[in-house]
Amino acid sequence: MQLHLYNTLTRKNEPFAPLNGEPVRIYSCGPTVYNYAHIGNMRAFLFPDLLQRVLRVVCGYPVKWVMNITDIEDKIIRDSAIGSSEWLPAMGEQADNPNSNAAKLALHYEREFLNDITTIGIKTSDFYAIPRATDFIDAITDLVRKIVENGYGYVSEGSVYFNLNEWRKAAKYGQLFTIDTENFRAGVRIDADEYERDQVSDFVLWKAHKEGEPSWDFELSGKNLRGRPGWHIECSAMGHASLGLPFDIHTGGVDLRFPHHEDEIAQSKAGYGVETSAFWCHNEFLEVEGTKMSKSKGNFFILRDLLDKGIDPLDFRFAMMSVQYNYVFNFTFFGLESARKARFRIQDYIYDLHETPSETAELKSSYVVELRTEVFAELLNDLHTPKALERVFAYINAHPASGLDQQTRTQLIAFFTELNGIFDVWEIGERPVVTIEIPDDVRELAEQRWQAKKNRDFAAADALRARISERGFVILDTKDAYSIEKA
Ligand code: AMP
Ligand code: ZN
């Protein structure tokens, strides 16, 4: 069974094999830590989490997974100038040490980010490294220098730019994203990190120091170009430094194809002389009512918003897997509720499997090997989690646990344990005994109702049942007794 992945580089579903034998090296573009990540961003991290788990659990490969932290960037500088009592206790430092302000803001949101991804089931121990851009300034300046030495970079007013005209004579620019040649603006320089497809121009590698901005020394051709890195060069340098180039798989959201990833490919090839990655894989957006969830549109939720609404983060994790990673996910609260029900349908089945089979039932062994093969085949087919789940539901609907013998149950428990190495949203074990606290007044009402019923005063019994229900409980009657349950 071989993994096939959709490779944006070739626009094809391609069989995957590690480039240099094992381990598989994955680089994921990480967050820009200027604020809380929203749940759309979370999709961009749950996707490589799923990928690395399938590579480990189903393919059996060891994996080196790297995700960077962008801790120096335009938005971080913009927001760190404002200051916040949360992350900047000493406001007095602000004027004196801009690096420290940006660093504090970034560190604060980096911690929040790592907490958030842990809450949704991503294990920080699964990362080989989580490099921060500001820890790699030497690697970044080294790459900028190489690009200039190789004739693809130039200095203008203290900043360094990538010479796109020159580069296009040597290689293709527009590998992940079709770029209209008439959009090339020869000789035009762009300083912003984010720009549109009709602004294809010489992009910035290193930004000249501005008053009040964080900066580092950079010796180039005998001059000190004090400044800070552009966003794109950070990933080129960190990918190279932490994994070596080319690595196996590069991930990110579809919006990163251009300019971020396109520029990354150009810079790494122009500087190091090698390709960046064999596979480029992109997750589609999480949308709200047909629009990409984003900070700038204001249509976003952060994880904390979901937790405040009492939503279990594992329902969010599971919901993300109900749609294939490269299809748009339409976010609704109703959808989260359906995901919860689906998750618990499987959870209940797992609990049932742990019960002792009844001696009187007609017990069967049933096709666990086939189930495993089918489910894993779907996961290997470009991480098709919805189809994999469909197979699981078809099986559990056709084979209620009550009809299965011990051997089949044991095999199924082993299968769900393996599957949980990927999904990581279930408890493998016996159904926990839940003890519910029943308040005294509810017990009292229940007793009164039972007496009313015995006296055949059904109107009174119904009225009492309604009062019990208002308190959030239901009464279940048998012939000679009743029990109180949580509604
Ligand atoms: P940023 O911190 O803005 O660089 O974004 C981090 C990751 O989230 C990138 O891989 C983006 O492509 C991805 N991303 C941003 N918005 C969404 C969204 N609405 N749905 C899915 N991924 C997104
Ligand atoms: Zn990146």
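Nothing here was measured: the structure is a model prediction, and the numbers come from that model.

Some details on the site of ligand 1
Here is step 1: Residues in close proximity to ligand 1 total 17 residues, the closest being G40, G253, D255, L286 and M293.
Here is step 2: T32 has a polar backbone atom sitting 3.1 Å from an oxygen atom of ligand 1.
Here is step 3: G40 places a main-chain nitrogen or oxygen 3.1 Å from a nitrogen atom of ligand 1.
Here is step 4: Summarising the interface, the protein chains cover 91% of the accessible area of ligand 1, which totals 500 Å² for the free molecule.
Here is step 5: Elements that contribute at least two residues to the shell around ligand 1 include exactly α1 (39-57) and β12 (247-253).
Here is step 6: Across the shell around ligand 1, the residue classes tally to 7 nonpolar, 7 polar and 3 charged.

Comments concerning the coordination of the zinc ion (ligand 2)
Here is step 1: Protein-derived coordination of the zinc ion (ligand 2) comes from C29 (SG), C235 (SG) and H260 (NE2), at a distance range of 2.0 to 2.2 Å.
Here is step 2: Taken in chain order, the donor set of the zinc ion (ligand 2) reads C-x205-C-x24-H. Here C29 is found in the loop between β3 (24-28) and α1, whereas its partner C235 is found in helix α7 (residues 231-243), with 206 residues between them in sequence. For the residue pair C29 and C235, the accessibility class agrees, reading buried in each case.

Describing the packing of aromatic side chains
Each aromatic ring pair is summarised here by two numbers: the centre-to-centre distance and the angle between the ring planes.
Here is step 1: Considering all chains together, one arrives at 26 aromatic pairs under this definition.
Here is step 2: Taking the centre distance of 5.1 Å and the plane angle of 75° together, the rings of F45 and F113 count as edge-to-face. Taken together, the positions of F45 in helix α1 and F113 in helix α4 (residues 98-119) put the pair 68 residues apart, joining distant regions of the chain. Take F45 and F113: they sit in the same class, and that class is buried.
Here is step 3: Of the aromatic side chains, those joined through ring pairs into one cluster are F318, Y349, F376, F415, F416, F423 and W426.
Here is step 4: Between R168 and the ring centre of F184, over which it is positioned, the NZ or CZ distance is 3.5 Å.

Points about the sheet that holds β3
Here is step 1: Strand order across the open sheet formed by 4 strands is β4-β3-β12-β13, with parallel pairing between neighbours. Only two strands of the sheet have a single partner each, and these edge strands are β4 (63-67) and β13 (277-283). Each neighbouring strand pair of the sheet contributes to a mean axis angle of 20°, computed without reference to strand direction.

Describing the nonpolar core
Here is step 1: Within the largest apolar cluster, 83 residues are counted, with the highest numbers of intra-cluster contacts made by L55, I249, F316, F416 and L419.
Here is step 2: Looking at which domains feed residues into this core, each of domain 1 (4-283) and domain 2 (291-423) gives three or more.
Here is step 3: With residues up to four places along the chain from it excluded, the contact list for I249 reads L5, F16, V24, R25, I26, Y27, L51, L55, S277, F279 and C281.
Here is step 4: Among the nonpolar cores identified, the runner-up in size contains 43 residues, and V66, F218, L220 and A270 belong to it.

Here we look at the domain arrangement of the protein
Reports of interface size often rely on the accessible area that becomes lost once the parts have come together.
Here is step 1: According to the domain assignment, the protein consists of domain 1 (4-283), domain 2 (291-423) and domain 3 (440-486).
Here is step 2: On the side of domain 2, 35 residues touch domain 1, which itself brings 33 residues to the contact.
Here is step 3: In total, about 2,900 Å² of surface goes out of reach between domain 1 and domain 2, with carbon and sulfur atoms giving 67% of it.
Here is step 4: Counting the surface domain 1 buries against domain 2, the share from its top three residues, H38, I39 and R43, is 26%.
Here is step 5: In this assembly, domain 1 and domain 2 are joined by 16 residue pairs in polar contact (both at pLDDT 80 or more).
Here is step 6: For the side of domain 1 that touches domain 2, the secondary structure elements donating two or more residues are β1 (4-7), α1, α4 and β13.
Here is step 7: Among the elements that line the side of domain 1 that touches domain 2, the one with the most residues is α1, at 13 residues.
Here is step 8: In terms of residue class, the side of domain 1 that touches domain 2 is built from 17 nonpolar, 10 polar and 6 charged.

A few points about the packing of helix α10 (residues 313-320) against helix α11 (residues 333-353)
Here is step 1: Look at α10 against α11: their axes get within 8 Å of each other, and the N-to-C directions meet at 90°. Taken together, the axes of α10 and α11 are roughly perpendicular relative to one another. Here L314, D315, F316, F318 and A319 of α10 lie close against α11, whose contacting residues are L336, A339, R340, A342 and R343.
Here is step 2: Each residue belonging to the contact of α10 with α11 can be placed in one class, and the counts come to 7 nonpolar, no polar and 3 charged.

Observations regarding the sheet that holds strand β16 (residues 329-330)
Here is step 1: What the 3 strands build is an open sheet, ordered β15-β14-β16; its pairing is mixed. A single partner strand is all that each edge strand has here, and the edge strands are β15 (291-292) and β16.
Here is step 2: Where strand β14 (residues 286-288) meets β16, 2 bridges bridge the pair, whose relative direction is parallel. Bridge assignment links E287 to a residue of β16, and that residue is N330.

Quick notes on the side chain of H384
Here is step 1: Here H384 is to be found in the loop between α12 (368-380) and α13 (385-398).
Here is step 2: You can call H384 buried: its relative accessible area is 15%.
Here is step 3: Look past the residues within four positions of H384 in its chain and what remains in contact with it is Q324, E378 and L379.

Criteria and cut-off values
Numbering of residues begins from 1 in every chain and follows the order in which that chain's sequence is written. Labels follow written order: the first chain is A, the first ligand is 1, and so on. Local features in this predicted model are restricted to residues of pLDDT 70 or higher, and side-chain atom pairs are both shown and tallied only at a pLDDT of 80 or more, whereas totals for entire chains, interfaces and linings draw on every residue. To get the side-chain values, all heavy atoms of the structure are used, and hydrogens and water are removed first. Residues are counted as near a molecule or strand when any one of their heavy atoms sits within 4 Å of it. Each polar contact in these results corresponds to two N or O atoms within 3.5 Å; when the atoms are within protein, one needs to be able to donate a hydrogen and the other to accept it, and residues that are neighboring in sequence are counted only if both atoms are side-chain atoms. For the accessible areas, the method is Shrake-Rupley and the probe is 1.4 Å, while residue cover comes only from the protein chains on display. The way it works is that DSSP assigns letters per residue, a run of H or I at least four long becomes a helix, a run of E at least two long becomes a strand, and they are numbered from the N terminus. Residue classes follow a fixed rule: Ala, Val, Leu, Ile, Met, Phe, Trp, Tyr, Cys and Pro count as nonpolar, while Asp, Glu, Lys and Arg count as charged, and any other residue, Gly among them, counts as polar. Sites may look incomplete because water is not among the atoms; the donors themselves are N, O and S atoms within 2.8 Å of the metal, or within 3.2 Å for Na, K and Ca. Exposure categories follow from relative accessible area, calculated using a 1.4 Å probe and restricted to protein chains: below 20% of the type maximum is buried, above 50% is exposed, and the middle band is partly exposed. Only centres within 6.5 Å qualify two rings of Phe, Tyr or Trp (six-membered ring in Trp) as a pair; their planes then separate them into stacked at under 30 degrees, edge-to-face at over 60, and tilted for everything else. In this analysis the charged atom, NZ for Lys or CZ for Arg, is taken to sit over a ring once it is within 6 Å of the ring centre and within 35 degrees of the ring normal. Only when DSSP finds a minimum of two bridges between them are two strands counted as paired. To define axes, lines are fitted to C-alpha atoms, for helices over the stretch in contact only, and angles between the resulting N-to-C directions are given on a 0 to 180 degree scale. Side-chain atoms within 4.5 Å link the members of a nonpolar core, which is a set of buried Ala, Val, Leu, Ile, Met, Phe, Trp, Tyr and Cys residues. Where each domain starts and ends follows an automatic or database-derived domain assignment. Here, two residues are considered to be in contact whenever any of their heavy atoms come within 4.5 Å of each other. When two parts are brought into contact, each loses some accessible area as probed by a 1.4 Å sphere; the total of that loss over both is the buried area. Angle categories are assigned with fixed cut-offs, so that under 35 degrees is roughly parallel, over 145 is roughly antiparallel, 65 to 115 is roughly perpendicular, and the rest are oblique.

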